[in-house]
Amino acid sequence: MKRKILIIVAVVVVLLVVAAVALPLLVNVDSFRPTVEAQASTALGRKVEIGHMQLSLLAGGVKADDVSIADDPAFSRAPFIKAKSLEVGVDLLPLILSRSLNVRSFTLVEPEVSLLHSASGKWNFSTLGASKSAPGPGGQQKVSVGSLKIQKARIAVGRTGAKPQVYDNVDVEASNIAFDSAFPFLLQAATPGGGSLKVDGKAGPIDRTDASETPFDAKVEAKNLDIGATGFVPPDSGLAGVVDYNGTLHSDGKTLRSEGSATAQKLKLVKSGSPARQPVGLDYASDY
């Protein structure tokens, strides 16, 4: 009896191995590439290019090489996002039986992202999702993603024409993403100057006119954050110092409310001022 069970188990294992090897040869997922590129381009309002796509049965999805998303041409001709690979979780049975592609998740591995803002404060991601094409019969295109992961990203932040500040090892997780509803997200990163940042909250609905005006609520933890090296503070503001911070951010898309506690080393508040010689601790609340 035990021998029969072992034989059955062995046969099942062999069949699974054969399926893992044979199915990628039988299902040409690369034939979906033009459709995926077109739909992604329409959803983002940016040109999306994807390299070779192949089925990865053991990973439960599709792997795509050399992914890029174009930047707003008003900011740069270089890609907004560029990554060596993208892993897409799909429902395998519909794909195998009916060549139907149902996407469950996206995992972007080691992407390079460029976040730029103009002198007026406008960001290059503001126009993401603002498609210029006419909406379909049901209005704007419905887009949803069950799970999105960005792993070990390198994000450059700065003003156009100036040297950017770089955030390394940026990990992002978000779920139940849709343009018309709020979704949870978690961001963790190593900040320029050797600090760390964690942002945990909810964002959405995504503003289809200006993505930078999307509402969000989040808890923020920062350690050894160099204010002047964040890439978000104008160089001529005079703000400088290294901060440990715990607090919350709330934005309705127009006004940002920030409150929490911070301890700052070498704090400077005006351009002509000198850094404080002693640590400065404060509790605060502000609207911007």
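The text that follows walks through the structure, step by step, so that each part is easy to find.

Side note on the packing of aromatic side chains
- Applying the stated criterion across every chain, the model contains three aromatic pairs.
- With 5.4 Å between their ring centres and 40 degrees between their planes, Trp123 and Phe232 make a pair best called tilted. Residue Trp123 is located in the loop between strand E6 (112-117) and strand E7 (144-159), and its partner Phe232 is located in the loop between strand E11 (216-226) and strand E12 (240-251); the two are separated by 109 residues in the primary sequence.
- Judged by relative accessible area, Phe232 falls into the partly exposed class, the value being 48%.
- With centroids separated by 6.2 Å and ring planes inclined at 40 degrees, the aromatic side chains of Tyr245 and Tyr284 adopt a geometry described as tilted. One end of the pair, Tyr245, is in strand E12; the other, Tyr284, is in strand E14 (residues 280-287), and 39 residues separate them in sequence.
- Residue class for Tyr284 comes out partly exposed when judged on its relative accessible area of 28%.

Brief notes about a nonpolar patch on the surface
- On the surface, a nonpolar cluster with roughly 270 Å² of combined accessible area is contributed by Leu239, Leu269 and Val270.
- Residue position: Val270 is located in the loop between strand E13 (256-268) and E14.

Re the nonpolar core
- Grouped together as the largest cluster of nonpolar side chains are 27 residues, with contacts concentrated most on Phe80, Leu115, Ile155 and Val170.
- Where this core is concerned, the elements lending two or more residues are strand E2 (53-56), strand E3 (61-70), strand E4 (79-90), E6, E7 and strand E8 (165-178).
- For this core, the element with the most residues is E4, which contributes five residues.
- Each residue touching Val170, except ones within four places of it in the same chain, is listed here: Ile150, Gln151, Lys152, Ala153, Ile155, Leu187, Gln188 and Ala189.
- Membership of the second largest hydrophobic core comes to 18 residues, among which are Val145, Ala174, Val220 and Tyr245.

Section: the side chain of Arg46
- The topology assignment puts Arg46 in the loop between helix H2 (33-44) and strand E1 (48-49).
- By relative accessible area, Arg46 is classed as buried at 5%.
- Excluding its chain neighbours within four sequence positions, the residues that come into contact with Arg46 are Ser41, Ile69, Ala70, Asp71, Asp72, Phe80, Asn124, Phe125, Thr127 and Leu128.

As for unusual backbone geometry
- Cis geometry is adopted by the peptide bond preceding Pro205, which originates at Gly204 and carries an omega value of -5 degrees.
- Locating Pro205 in the fold gives a position in the loop between strand E10 (195-203) and E11.
- Phi at Lys152 takes a positive value of approximately 55 degrees, unusual for a residue other than glycine.
- Within the secondary structure, Lys152 is located in strand E7.
- Overall, the relative accessible area of 53% leaves Lys152 in the exposed class.

A few points about the environment of Phe216
- Here Phe216 is to be found in strand E11.
- Note: C-alpha distance between Phe216 and Lys202 (14 residues apart in sequence) is 5.6 Å.
- Those residues within four positions of Phe216 in sequence are excluded, and the remaining contacts are Lys202, Ala203, Leu249, His250, Ser251 and Leu256.

Parameters and conventions
Residues numbered from 1 in each chain as written. Predicted model: local features only at pLDDT ≥ 70, side-chain atom pairs only at ≥ 80, totals over all residues. Heavy atoms only, no water. Phe/Tyr/Trp six-rings, centres within 6.5 Å; stacked < 30°, edge-to-face > 60°. Helix = DSSP H or I, 4+ residues; strand = E, 2+ residues; numbered from the N terminus. Buried < 20%, exposed > 50% of the residue type's maximum accessible area, 1.4 Å probe, protein only. Patch = residues over 30% accessible without salt bridge, like charges linked within 9 Å, V, L, I, M, F, W, Y side chains within 5 Å. Areas by Shrake-Rupley, 256 points an atom, 1.4 Å probe, with all protein chains shown as cover. Salt bridge = Lys/Arg side-chain N within 4 Å of Asp/Glu carboxyl O. Core = buried A, V, L, I, M, F, W, Y, C linked by side-chain atoms within 4.5 Å. Contact = heavy atoms within 4.5 Å.

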